[in-house]
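Spelled out, the chains give:
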Amino acid sequence: TIRFWKEQRLWETICSEKKPVIEPKGTAHLNAAMDDFYGKVKGHDGRGAIFFAVCRGKVAEGIDFANENGRGVIVTGLPYPSLVDPRVKLKRMFLDERKKERQSAIGGGEWYSQAAIRAVNQAVGRVLRHKDDYGVIILMDQR
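Since the model is a prediction, treat every value here as computed from it, not as a measurement.

Procedures and definitions
- Residues numbered from 1 in each chain as written.
- Predicted model: local features only at pLDDT ≥ 70, side-chain atom pairs only at ≥ 80, totals over all residues.
- Heavy atoms only, no water.
- Helix = DSSP H or I, 4+ residues; strand = E, 2+ residues; numbered from the N terminus.
- Buried < 20%, exposed > 50% of the residue type's maximum accessible area, 1.4 Å probe, protein only.
- Expected span 1.5 Å × (residues − 1).
- Contact = heavy atoms within 4.5 Å.
- Phe/Tyr/Trp six-rings, centres within 6.5 Å; stacked < 30°, edge-to-face > 60°.
- Salt bridge = Lys/Arg side-chain N within 4 Å of Asp/Glu carboxyl O.
- Core = buried A, V, L, I, M, F, W, Y, C linked by side-chain atoms within 4.5 Å.
- Arc of directions from axis to C-beta.
- Axes fitted to C-alpha atoms, helices over the stretch in contact; angles between N-to-C directions.
- Parallel < 35°, antiparallel > 145°, perpendicular 65-115°, else oblique.
- Nonpolar A, V, L, I, M, F, W, Y, C, P; charged D, E, K, R; others polar.

Caption draft 1: Region of the structure containing unusual backbone geometry. Its identity is not glycine, yet Arg9 carries a phi of approximately 65 degrees, on the positive side. Looking at the secondary structure, you find Arg9 in the loop between helix H1 (2-7) and helix H2 (10-17). For Arg9, a relative accessible area of 63% gives the class exposed. Not every positive phi belongs to a glycine, and Arg56 is a case in point at roughly 75 degrees. Structurally, the position occupied by Arg56 is in the loop between strand S2 (49-52) and helix H4 (58-62). Taking relative accessible area as the criterion, Arg56 reaches 36% and is therefore assigned partly exposed.

In structure tokens:
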């Protein structure tokens, strides 16, 4: 998504409004990225920051962005598990076989869709952390 935004020259516009922080690929640099983000949020220029992360990553599922640290989440695309992952293939096959034996059981396709929905719920849950918190949630997909 960021590559697309750079190609379309949208990245410059985003960066002119908010200071970007991108989730690191490994956990080794996560604390530094979080410190960078919190520093930019509390910056004195009033611009704030924007944190780019991936669904199912450490930031989307395990970091608390309460109050001014998280006023919005934009989810681009539905985060389905990888169909080429052997664990995903096996789980889907197992659930489909079990559904043949027990009609009330969940099938592989249904589990697959629910996995994407759970990942979205985790990501949007970073914004609303308590009853007085508020934020914007935007879900975008080309379908």
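Caption draft 2: Expanded view of helix H6 (residues 108-124). Under the 1.5 Å per step criterion, the end-to-end length of H6 is 25 Å for 17 residues, consistent within 8% with the ideal 24 Å. Within H6, the full set of buried residues consists of Gly108, Trp111, Tyr112, Ala115, Ala116, Ala119, Val120, Ala123 and Val124. Buried-residue contacts for H6 involve H4, strand S3 (72-76), helix H5 (86-101) and strand S4 (136-140).

Caption draft 3: Region of interest: the packing of aromatic side chains. The tally for this structure, following the rule as stated, stands at 7 aromatic pairs. With 5.2 Å between their ring centres and 45 degrees between their planes, Trp11 and Phe52 make a pair best called tilted. Remark: Phe52 occurs in strand S2 and Trp11 occurs in helix H2; sequence separation between them is 41 residues. For the pair shown, Trp11 and Phe52 are each scored as buried. Put simply, the rings of Phe37, Tyr38, Phe51 and Phe65 touch in pairs and so form one group of aromatic residues.

Caption draft 4: Looking closely at the pattern of salt bridges. Per the stated rule, a full pass over the model turns up 8 salt bridges. The partner of Asp85 in a salt bridge is Arg87, with the nearest N and O atoms 3.1 Å apart.

Caption draft 5: Just the nonpolar core, in detail. Judged by nonpolar contacts, Val21, Leu30, Ala33, Met34, Phe37, Val41, Ala49, Phe51, Val59, Ile63 and Phe65 together constitute the single largest core of 11 residues. Going through the elements one at a time, helix H3 (30-41) and S2 are the ones with two or more residues in this core. The biggest single contributor to this core is H3, with 5 residues. Those residues in contact with Phe37 that lie beyond four places of it in its chain are Val21, Ala49, Ile50, Phe51, Phe65 and Asn69. Among the nonpolar cores identified, the runner-up in size contains 7 residues, and Ala60, Val73, Ala123 and Val124 belong to it.

Caption draft 6: Just H3, in detail. Between the first and last C-alpha of H3 there are 16 Å, a value that for 12 residues agrees with the 16 Å anticipated at 1.5 Å per step. Where H3 is concerned, the buried positions are Leu30, Ala33, Met34, Phe37 and Val41. Down the axis of H3, the smallest arc covering the buried residues is 100 degrees, so these residues share one side. Of the residues in H3, the exposed ones pointing more than 90 degrees away from the buried face are Asn31 and Asp35.

Caption draft 7: Fine view of the packing of H5 against H6. It is the contact of H5 with H6, at a shortest axis distance of 7 Å, that shows an interaxial angle of 130 degrees. One element, H5, and the other, H6, form an angle in the oblique class. Here Val88, Lys91, Arg92, Leu95 and Asp96 of H5 lie close against H6, whose contacting residues are Gly108, Gly109, Trp111 and Tyr112. For the contact of H5 with H6, the class distribution of residues is 4 nonpolar, 2 polar and 3 charged.

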